[in-house]
Amino acid sequence: MQTHAAIDPAHLIDTSGELLDLVRSTTPLVHCITNAVVTNFTANALLAIGAAPAMVDLVGEAGPFATVASGLLVNLGTPQPEQRAAAREAVAAARQAGTPWVLDPVAIGALPIRTELAHDLAELRPAAIRGNASEILALAGVGAGGRGVDAADETDAAAGPAAALARRTGAVVAVSGPVDLLTDGTTTVRLANGDALLTRVTGGGCALGAVVAAFLGAARGTATGALEAVVAAHLAYTVAAERAADGAAGPGSFAVRFLDALAAVEASELRALARVSTGALLGAAA
Amino acid sequence: MQTHAAIDPAHLIDTSGELLDLVRSTTPLVHCITNAVVTNFTANALLAIGAAPAMVDLVGEAGPFATVASGLLVNLGTPQPEQRAAAREAVAAARQAGTPWVLDPVAIGALPIRTELAHDLAELRPAAIRGNASEILALAGVGAGGRGVDAADETDAAAGPAAALARRTGAVVAVSGPVDLLTDGTTTVRLANGDALLTRVTGGGCALGAVVAAFLGAARGTATGALEAVVAAHLAYTVAAERAADGAAGPGSFAVRFLDALAAVEASELRALARVSTGALLGAAA
Amino acid sequence: MQTHAAIDPAHLIDTSGELLDLVRSTTPLVHCITNAVVTNFTANALLAIGAAPAMVDLVGEAGPFATVASGLLVNLGTPQPEQRAAAREAVAAARQAGTPWVLDPVAIGALPIRTELAHDLAELRPAAIRGNASEILALAGVGAGGRGVDAADETDAAAGPAAALARRTGAVVAVSGPVDLLTDGTTTVRLANGDALLTRVTGGGCALGAVVAAFLGAARGTATGALEAVVAAHLAYTVAAERAADGAAGPGSFAVRFLDALAAVEASELRALARVSTGALLGAAA
């Protein structure tokens, strides 16, 4: 476990650049079990950042594949029955093999099937949980959930519940919003990079979950902890979004430019542009 | 119900601009049960125009979601068994809750499973039915259907059967083609906007069905009728297509520019560019 | 059957241009049973090159549709249970109707369900089999398969096994790589066109399989053989990729430009840019 002393913004930003380079040099294989709307964009985002995507969501294949993958994403956006069973199989195998896995509890709260599945899976040691404030509140047992993939709740309102969820599950919890909030239950990191156009492209959040799995996969076996890896993924992703938004004519051209930017973003840009602050739980932003 | 007197082109164009603004100010939540090929493009088109997409096609979730959604699209492009059951559940719930819903009978005619499902669903009070001429003729019980998503029949040949289908089902029926034909069974509207590049991008028609659901959702509870809402959706969509085609280097860049244009298109452009004519059934275009 | 004498590069390049024109003038209807990640890109690639895509993967519809389609693609990237049954139904119907069909054995090797299905289907007279070297080696009974859709093996190492697979199954076997290797078991064609950016866009290989089905469909009933059709598809596809890469800022803009280029590529460009060599099996490239 990282001690709090180590988690200052400069450390996080340096580590982010190193991990970005490591993703590119090691091409982590990211096993995606994700929703039908965003598979293509997710795979392209992973390819762009330098990872290798593979969607394997069959019962009988998902388990073996999770064993050999570098990281696993389980996104509950369109969890058809076969995919639900495959997700359970993959998570069990990932846990046994030590493959870090990410839970994205899309649109849980009011929708019963995915909500129950998310609660079950959250107990199976995800390395990270990523969602908007509504989804994180619903998973933490607070709030009624959003309407679809919208974030009806504000990020800051989720800070306490997110930290409690992190402590209970052992996961780094990432709350996406205008300011992203990331916490391991002890340290809270706020990241103010990004662009609102990310919310005008479907999969803007879902693909981030896959990139988190890529960075966790790259960090595996290194001295870098899960919080640093989750921060690094968010920082590379949101700095690329800023780069893409500059000159975009709308959401269509933004999405294209964003994939270009994910492929081009460099450690030096993260250092130049990062807007990261840290604090102990409930403390003020540094 | 609208009287025929109210349905003149100037009225339709004014109402279209107002509804476009209303979509943007109210962000209707559009429940999509649609085919695997176009989910991503459909969601991005809805986000671009200002609506909020959500694909919920699980049995046990589709019903509750249709109850809270602003509008519902049921597109039969790839109706897997679970999705077929979810569609029936969603339509039943939409009907009970008063959620306007749109039927897109993709490629019906020769393909037996979707054809039977489309005929069943058409009796369950869709607010609108959108398809190409072949599909509308097949649903009206005339013609043999197209080959896949192609329109083998001409739009004008579908005018009479479309009006009869509208009267029988209570739906506004929209026949997509070089000139779109929209009818509530009494009034027929012809809309000559658009660009052939829309037919070179997969989902060009399917996403329009979702945008129709968004406009119907926005119009709900206002004095605006279903025919006006369907016209408004078509007008905003096809004027955006014209804007996108201007300068596009091919279908790839057109699709990107089209999403940008959906986000940017304004009421004033609809007024400037609309090519709308109206007539009583079987009458000459005004 | 073509004799070896006819298969020289100049002949192949001329035939490629003729077939490209034939695709555009006849709009072959391509029945796609393909994976969830690439359906959209595949359909758009087919539309761009001038074919008509239709994804029909329901039991009860896939068979009848394969009977009327010009060509069929079966891609095993995400073979859900219903899709597996539909693939078997479609292949049986295609075989009976004489519809040429293409097998793309995505990620076979270690993953058991798709591997078994691929071995079964390969015996049912595909007109072509397309994959990367790992996949072709696995289908040929050599090698352990790749990790996901990566090509862990080199193309040249697959030359002998590919030719043996071609002779055993009667299919033209296409091994995608920096240099594509295509063989009917007697003649081996090497094609050095293309761009590495194709590997940074998901579906870069999968959509090629669909384009192969389009060209086989267009060639049906003409004097042109399957090897020529497969070469033509690869040549048009990879020359378009070169055109798209020129000026692309990254994988996002490349994908957009690639669809534009597929729509624009002409026979004269194939003649100007083709890098094709032929040889008898195990012989040196001409």
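Quick caveat: nothing in here was measured; it's all calculated off a predicted structure.

Trainee: I'd like a description of helix α8 (residues 206-219) of chain A, backed by residues and values.
Mentor: Residues three or four positions apart in an α-helix share a direction because the helix packs 3.6 residues into each turn. Residue and element names in this part refer to chain A. Taking 1.5 Å of rise per residue, 14 residues should cover 20 Å, and α8 covers 20 Å from first to last C-alpha, within 8% of that figure. The buried count for α8 comes to 14 of 14 residues, which makes it a mostly enclosed element. Looking at the residues trailing α8, positive phi occurs at Gly221, about 80°.

Trainee: How would you summarise empty space enclosed by the protein if you had to cite specific residues and measurements?
Mentor: For the coordinates displayed, the defined rule picks out 2 cavities of 30 Å³ or more. Here the largest cavity defines a volume of roughly 540 Å³. Along the walls of the largest cavity sit 28 residues, with Asn40 and Val256 of chain A, Asn40 of chain B together with Asn40 and Val256 of chain C positioned nearest its centre. Listed by contribution, the elements that provide at least two residues to the lining of the largest cavity are α2 (39-49) and α10 (251-264) of chain A, α2 (39-49) and α10 (251-264) of chain B together with α2 (39-49) and α10 (251-264) of chain C. Class assignment for the residues of the lining of the largest cavity results in 17 nonpolar, 11 polar and no charged. Size it by volume and the second largest cavity reaches roughly 50 Å³. Lining of the second largest cavity is provided by 13 residues; of these, Ala36, Thr39 and Asn40 of chain A, Asn40 of chain B together with Ala36 of chain C occupy positions nearest its centre. Those elements that provide at least two residues to the lining of the second largest cavity are α2 of chain A, α2 of chain B together with α2 of chain C.

Trainee: Lay out the relation of the copies chain A and chain C in plain terms, naming residues and giving numbers.
Mentor: In the superposition of chain A on chain C (RMSD 0.0 Å, axial shift 0.0 Å), the rotation amounts to 120°. A rotation of that kind, with that shift, is consistent with a three-fold axis. For chain A, the residue whose C-alpha comes nearest the rotation axis is Ala36 of chain A, separated from it by 3.9 Å. Counting the interface residues of chain A, we find that no more than 4% of their copies in chain C are interface residues as well, pointing to two distinct contact surfaces.

Trainee: Can you lay out the confidence of the model for chain A for me, pointing to particular residues and giving the numbers?
Mentor: Residue and element names in this part refer to chain A. Averaged over all residues, the pLDDT of chain A equals 93, while 92% of them reach at least 70. With pLDDT under 50 throughout, residues 147-152 is counted as low confidence; its partners more than four residues away or in other chains account for 20 contacts. ipTM for the predicted complex: 0.93, alongside a pTM of 0.94.

Trainee: For the interface of chain A and chain C, give the residues involved together with the corresponding values.
Mentor: Chain A puts 25 residues into the contact, and the matching count from chain C is 28 residues. Interface of chain A and chain C: buried area, both sides summed, is about 2000 Å²; carbon and sulfur atoms make up 58% of it. Contact with chain C buries surface across chain A, with Leu58, Glu61 and Asp260 of chain A losing the most and accounting together for 26% of the total. If you look at where chain A meets chain C, you find 1 salt bridge.

Trainee: Which residues make up helix α5 (residues 112-122) of chain B, and what are the values?
Mentor: Among all positions in α5 of chain B, only Arg114, Thr115, Leu117, Ala118, Leu121 and Ala122 of chain B are buried. Along α5 of chain B, the residues classed as buried sweep out an arc of 165° about the axis, all on the same side.

Trainee: Now, about a negative patch on the surface: what can you tell me, with residues and values included?
Mentor: Taken together, Asp8, Asp14, Glu18, Asp21 and Glu266 of chain A make up a surface patch of like negative charges. The exposure class of Glu18 of chain A is exposed, given its relative accessible area of 53%.

Trainee: How would you sum up the packing of aromatic side chains? Please name residues and give values.
Mentor: Counted according to the given criterion, the structure contains 9 aromatic pairs over all chains. Where Phe254 of chain A meets Phe258 of chain A, the ring centres are 5.8 Å apart and the plane angle is 15°; that geometry is what we call stacked. Of this pair, Phe254 of chain A and Phe258 of chain A both sit in helix α10, 4 residues apart, which is roughly one turn of the helix. Owing to a relative accessible area of 0%, Phe258 of chain A belongs among the buried residues under this scheme. Measuring from ring centre to ring centre gives 6.3 Å for Phe41 of chain C and Phe258 of chain C, while their planes differ by 25°; the resulting arrangement is stacked.

Rules of the game
Residues numbered from 1 in each chain as written. Chains lettered and ligands numbered in written order. Predicted model: local features only at pLDDT ≥ 70, side-chain atom pairs only at ≥ 80, totals over all residues. Heavy atoms only, no water. Helix = DSSP H or I, 4+ residues; strand = E, 2+ residues; numbered from the N terminus. Expected span 1.5 Å × (residues − 1). Buried < 20%, exposed > 50% of the residue type's maximum accessible area, 1.4 Å probe, protein only. 1 Å grid on protein atoms, 1.4 Å probe; cavity = no way out; pocket = protein on both sides within 12 Å on 5 of 7 lines; lining within 4 Å. Points joined across faces, edges and corners; volume = space filled by probe spheres on them. Nonpolar A, V, L, I, M, F, W, Y, C, P; charged D, E, K, R; others polar. Least-squares fit on C-alpha atoms with pLDDT ≥ 70 in both. Contact = heavy atoms within 4.5 Å. pLDDT = per-residue confidence, 0-100. Buried area = accessible area lost by both parts, 1.4 Å probe. Salt bridge = Lys/Arg side-chain N within 4 Å of Asp/Glu carboxyl O. Arc of directions from axis to C-beta. Patch = residues over 30% accessible without salt bridge, like charges linked within 9 Å, V, L, I, M, F, W, Y side chains within 5 Å. Areas by Shrake-Rupley, 256 points an atom, 1.4 Å probe, with all protein chains shown as cover. Lys, Arg positive; Asp, Glu negative; His and termini not counted. Charge placed at Lys NZ, Arg CZ, Asp CG, Glu CD. Phe/Tyr/Trp six-rings, centres within 6.5 Å; stacked < 30°, edge-to-face > 60°.

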